[in-house]
Amino acid sequence: MGARFSPDGGRIASAGSSYLTRLWDGPSGVPLADLPGRLVSYEGRYFLPGGELRTQDKAERAWLFHEGAQPPLRSFLAGPLKPASPPAPCAPRCVRLYLPRGADELLFFGLQQSAPLFALRAPQVNGRATFVSVAPSGRRIVLGGRLPEPLLFDGEDGHLITSLPGHQGAVSPAVFSHDELIFATPGDDKTIRLWSARSGAHLRTIVGHSDEVHVVAFSPDDQQIASVGRDRSARVFAVATGAVRQVLVGHGAATNAVGFSPDGARLVTGSFDGTVRVWDTRTGAALAVLKHPSWIGTAEFSPDGTEILTAAADHTVRRWDARTYQPLQRRADPADLLLPVPGEGQVVLEEPAPVGHAAVRETLKLACRLLRGRSQDEAAQHECSRLEEGRF
């Protein structure tokens, strides 16, 4: 139950609980393709910095697509591969991909190599898998979760730089600042810790939440950091001092999604109460409440700041006008551009699905099935009737 824009806003990728990824055209919302495997988040994003998408199937095989185009650029299979020794060279600012092998090992790849560069041990602790955070440049990797301490690795050759002591309890995925000088780790101990990305030195501890901190996000200028968690609030802190700038209260359940607008003036937060809230980061004023019938998986602004994209456990993705906060509507699209996210019980594709008229028609039929009983929009119902009668 998640959806993300591509770096240029031209594509939307959505993922559910099945091993299927759906790709959409960003401007129109038209479905483009179904891709094999489950999307893997890269530093909180689905698209890599160059626009590539990475999915993983049940056979521990990873696929790499360029903005979802087919056929895939290449595939990676964990089982028979062995890391190069010494690690294979990787160009500066090479993005790393990773693929689990077994229960306690991760293989890391460059974009251009089919053989892994190196392997890192990433054991599960009490049944909880280790999280992996890779800096956009690929130069640093953070492993954490329920490990005794998060670990910082060099992304060029995989050597351990240092452990990151201080948190008391589990740590959620680390997030790097945009300039990659620092990174943040939110913890179950109600704190956020900031670290030097170069050395792993502890810079400061941010306190203020009254319960577990789940997700953090840096502002576009890296001067502020926003956080959400189990105490139902969102908070904005100054990175330089750790001082609290805003305490944003309004959600009725734990919050688990947060993101700044491209200009840093607004913040979007998502919650298990089924709402997405938009806030003014300067005044703390609540600007809008966007509603789903189920808990929120992801919420973010489009790269140009004109839209808000939300995904929820009701297996829909919704697009909202970031100026009026109204759902975006297109007469030819059913369900007011409610995009169905793949769910359980759907066919798992072993090879890339064809892009074309038939694929679009079948996806729209699924949207119409979701629409029945949920909307009284006559235009959408008419389009669905035409589709079912074969006049699409």
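Residues numbered from 1 in each chain as written. Predicted model: local features only at pLDDT ≥ 70, side-chain atom pairs only at ≥ 80, totals over all residues. Heavy atoms only, no water.

Draft legend 1. Up close: the sheet that holds strand β2 (residues 11-15). What the four strands build is an open sheet, ordered β1-β2-β3-β4; its pairing is antiparallel. Each having just a single partner strand, β1 (2-5) and β4 (31-36) make up the two edges of the open sheet. Between one strand and the next, the sheet's axes are offset by a mean angle of 20°, whatever the strand orientation. The pairing of strand β3 (residues 20-25) with β4 spans five bridges and is classified as antiparallel. What sits directly across from threonine 21, in β4, is leucine 35. (Pairing = 2+ DSSP bridges. Helix = DSSP H or I, 4+ residues; strand = E, 2+ residues; numbered from the N terminus. Axes fitted to C-alpha atoms, helices over the stretch in contact; angles between N-to-C directions.)

Draft legend 2. Main features of the side chain of arginine 319. The topology assignment puts arginine 319 in strand β30 (residues 316-321). Judged by its relative accessible area of 2%, arginine 319 is buried. One polar contact links arginine 319 to glutamate 307, side chain to side chain, over a distance of 2.8 Å. (Buried < 20%, exposed > 50% of the residue type's maximum accessible area, 1.4 Å probe, protein only. Polar contact = N/O pair within 3.5 Å; in protein donor to acceptor, adjacent residues only side chain to side chain.)

Draft legend 3. The confidence of the model for the protein chain, seen in detail. Within the protein chain, residue pLDDT values average 78, and 70% of them lie at 70 or more. Across residues 329-364, where pLDDT falls below 50, the model places 94 contacts with residues more than four positions away in sequence or in other chains. Taken together, the stretch residues 369-377 has pLDDT below 50 and engages in 15 contacts with residues farther than four places along the chain or on a different chain. (pLDDT = per-residue confidence, 0-100. Contact = heavy atoms within 4.5 Å.)

Draft legend 4. The arrangement of the sheet that holds strand β22 (residues 234-238) in detail. With antiparallel pairing, four strands are arranged side by side in an open sheet as β20-β21-β22-β23. Unpaired on one side and paired on the other, β20 (213-218) and β23 (244-248) mark the two borders of the sheet. This sheet shows a mean twist of 20° between the axes of neighbouring strands, independent of strand direction. Here β20 pairs with strand β21 (residues 224-229) via five bridges, running antiparallel. The residue bridging valine 216 from the neighbouring strand is serine 227, located in β21.

Draft legend 5. Spotlight on a nonpolar patch on the surface. On the surface, Val244, Val247 and Val249 cluster together to form a nonpolar patch covering roughly 260 Å² of accessible area. Topologically, valine 244 is positioned in strand β23. (Patch = residues over 30% accessible without salt bridge, like charges linked within 9 Å, V, L, I, M, F, W, Y side chains within 5 Å. Areas by Shrake-Rupley, 256 points an atom, 1.4 Å probe, with all protein chains shown as cover. Salt bridge = Lys/Arg side-chain N within 4 Å of Asp/Glu carboxyl O.)

Draft legend 6. Focus on the pairing of strand β6 (residues 52-56). Of all five residues in β6, five are buried, a share of seventy percent or more. A two-sided burial pattern is seen for β6, the buried positions comprising Glu52, Arg54 and Gln56 on one face and Leu53 and Thr55 on the other. In the sheet, strand β5 (residues 38-39) pairs with β6 via two bridges, with the strands oriented antiparallel. Paired with leucine 39 across the strands is threonine 55, a residue of β6.

Draft legend 7. Focus on unusual backbone geometry. Located in the positive-phi region is glutamate 180, a residue other than glycine, with phi close to 65°. Following the sequence through the fold, glutamate 180 ends up in the loop between β16 (175-176) and β17 (182-186). With a phi angle near 65°, tyrosine 325 is a residue other than glycine that sits in the positive phi range. Along the chain, tyrosine 325 falls in the loop between β30 and β31 (339-340). Classification of tyrosine 325 as buried rests on a relative accessible area of 14%.

Draft legend 8. Just the pattern of salt bridges, in detail. Taken as a whole and judged by the stated rule, the model has eight salt bridges. Note that glutamate 300 is salt-bridged to arginine 4, the shortest N-O span being 3.2 Å. Within this pair, whereas glutamate 300 is found in strand β28 (residues 296-301), its partner arginine 4 is found in strand β1, the two being separated by 296 residues in sequence. Its relative accessible area of 15% is what places glutamate 300 among the buried residues.

Draft legend 9. Here's a closer look at the environment of glutamate 105. Mapped onto the elements of the fold, glutamate 105 is located in strand β10 (residues 105-109). We classify glutamate 105 as partly exposed; its relative accessible area is 23%. Along the sequence, glutamate 105 and leucine 120 sit 15 residues apart, while their C-alpha atoms lie 5.7 Å from each other. In contact with glutamate 105, not counting residues within four places along its chain, are Leu99, Pro100, Ala119, Leu120, Arg121 and Ala122.

Draft legend 10. Here's a closer look at the packing of aromatic side chains. The full count for this structure, using the stated rule, is four aromatic pairs. With centroids separated by 6.5 Å and ring planes inclined at 20°, the aromatic side chains of phenylalanine 183 and tryptophan 195 adopt a geometry described as stacked. One end of the pair, phenylalanine 183, is in strand β17; the other, tryptophan 195, is in strand β18 (residues 192-196), and twelve residues separate them in sequence. The same class applies to phenylalanine 183 and to tryptophan 195, which are both buried. Members of the aromatic cluster, joined through ring pairs, are Phe176, Phe183 and Trp195. (Phe/Tyr/Trp six-rings, centres within 6.5 Å; stacked < 30°, edge-to-face > 60°.)

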